[in-house]
Every structure is written in structure tokens, then in C-alpha cells.
Amino acid sequence: MGRGRVQLKRIENKISRQVTFSKRRTGFLKKAHEISVLCDAEVALIVFSSKGKLFEYSTHSSMDTILERYERYAYAEKMLTAPQTETQASWTLESSKLKAKIEVLERNIRHYVGEDLEQLNLRELQYVEQQLETALKRIRTKKNQLMHESISELHKKEKELRDKNNSLSKKLKENEKNSEQQDSMLQVLQPHSVPSFATTSAPIFMGAAMREEELAQTHSVSTSMIPLWMIRHINQ
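A few points on the structure. (Residues numbered from 1 in each chain as written. Predicted model: local features only at pLDDT ≥ 70, side-chain atom pairs only at ≥ 80, totals over all residues. Heavy atoms only, no water.)

### Topic: empty space enclosed by the protein
Part 1 of the reasoning: By the definition in use, this model includes one cavity of 30 Å³ or more.
Part 2 of the reasoning: Within the residue set of the lining of the largest cavity, elements represented by two or more residues are β2 (54-58) and α3 (88-112).
Part 3 of the reasoning: Residue contributions to the lining of the largest cavity peak at three residues, all from β2. (1 Å grid on protein atoms, 1.4 Å probe; cavity = no way out; pocket = protein on both sides within 12 Å on 5 of 7 lines; lining within 4 Å. Points joined across faces, edges and corners; volume = space filled by probe spheres on them. Helix = DSSP H or I, 4+ residues; strand = E, 2+ residues; numbered from the N terminus.)

If you want it as C-alpha cells, here you go:
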């Protein structure tokens, strides 16, 4: 007797429902991986549990790329079939797209800061690790660039300060030299000290007068002793 067709309906037992979800989810992800490898297809699989937990699979961890491609394709197809005038439905679709992008970005941010990693498989964890390493390399490169620029700026300021210091030192030496030259000129232009003759003139004049008087007395004595004819001869 053949096996009858199983009727699909919601499993009422909570534990059985959770076990079935776990088994079917694993098989579903496995089938998505197989079709991507066998048929060289780009596959993106998104599953939310009854509790709102996200499970996803994407070819080569390119979920964002596949979603963007899907959005472009769906939007282009809608523009071909829909009228040119904007309707409320188009705005609703655009809003849904933006919300989906925001959710993807927020989920990626949580993964990059180490949150909600339990739902990721090995390949997805490797992708997150690769993204973090790439971002870290860019951060280090930018940091080293800023450090080199800061060091170059400091060297430039140091050179400017050294040049200013040398200029000030040169001006200071020139001022000192000019001051010394001015002091030397002032010393040369000052009058020499003249000796005072007030105390020595009187003795000199008195000595000269005494010698003249002695000479006169000697002359008078000598004339009185010399004969008259000899005096005349001397006077002539």
C-alpha cells in the first residue's frame, strides 16, 4: 500500500513545529547551495522564523548585490508595465525598498560590531571577517597618512622657528656691535684732562724773579770792581 499524500497545515505542537522548522530550514539552505553550485546561479534566500529570527543564504555572501539587482530588475519591469504617472502604489514600493535596504544595513552593522552572529554560517562569518580586515587596513592607512602629514607639519614649524631664532640672534649681535662702536666713539670724542698750573705758576715766577735779582746784584758788584774802560768795552 502506497504512502498517502501528507496534508500541509500548521503544526499545533510548539516543540514539533520548532523541530520541523529547523530540519526544513537546513534542507532548504542545502538545496539553495546545491542549485547555486550545480547550475552556476546566483541565489539569495531569506527566511524569518515565527519569532522574527532571520536566516539567510546568498551566493558568495553577496546578498546586498543580489538584492540590488532584484530591485533594479523589478523596478525596470514595473516601469515598463505601469503608466508614466506616479501613483501611490509606486511610492509604497519605493518605501518598501528603502526599508529593506535599511534593514540590510542595520543587520550588517550589527554583524560588524559582533552582534547577532549566531545565525551566520562559516562562509558568512568569513565574509564579515574579510570586510572587517579590509576596513581595518583602510583605517590604518588613513591614520598613517595623517600621522606623516602631522610630522611633516611639525618639522616645517620647527624649521620656521629655527630660522626666526637665527634671525633674532643675528640682529642681537649686530645691536651689540653697534653699541660697542658707539661707546668707543664717545670715548674718543671726550676732551683730554688738562693739568692745572694754578699751584705751580707762583713758585716758577718767584724763582725766575729771584734769579734775575741775583744776576742784577752780581752785575752791579762786578761792575763796581771792573775798571771803567772795560765796562764801556763790554757795553759796546
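Read on for the rest.
### A short note on helix α4 (residues 122-189)
Part 1 of the reasoning: With 68 residues, α4 should reach 100 Å at 1.5 Å per residue; the first-to-last C-alpha distance of 100 Å fits that figure.
Part 2 of the reasoning: With a side-chain oxygen lying 3.3 Å from the backbone nitrogen of R123, the N-terminal cap of α4 falls on N121. (Expected span 1.5 Å × (residues − 1). Polar contact = N/O pair within 3.5 Å; in protein donor to acceptor, adjacent residues only side chain to side chain.)

### Remarks on a nonpolar patch on the surface
Part 1 of the reasoning: Together, I109, Y112, V113, Y127 and L132 line one region of the surface with nonpolar side chains, adding up to about 440 Å² of accessible area.
Part 2 of the reasoning: Mapped onto the elements, Y127 comes out in helix α4.
Part 3 of the reasoning: Classification of Y127 by relative accessible area gives partly exposed; the value is 31%. (Patch = residues over 30% accessible without salt bridge, like charges linked within 9 Å, V, L, I, M, F, W, Y side chains within 5 Å. Areas by Shrake-Rupley, 256 points an atom, 1.4 Å probe, with all protein chains shown as cover. Salt bridge = Lys/Arg side-chain N within 4 Å of Asp/Glu carboxyl O. Buried < 20%, exposed > 50% of the residue type's maximum accessible area, 1.4 Å probe, protein only.)

### Topic: the nonpolar core
Part 1 of the reasoning: Ranked by size, the top nonpolar core spans six residues in total: A32, V43, L45, V47, F55 and Y57.
Part 2 of the reasoning: Of all the elements in the fold, those that place two or more residues in this core are β1 (44-48) and β2.
Part 3 of the reasoning: Those residues in contact with F55 that sit more than four places away from it in its chain are F21, R25, L45, I46, V47, S49 and Q119. (Core = buried A, V, L, I, M, F, W, Y, C linked by side-chain atoms within 4.5 Å. Contact = heavy atoms within 4.5 Å.)

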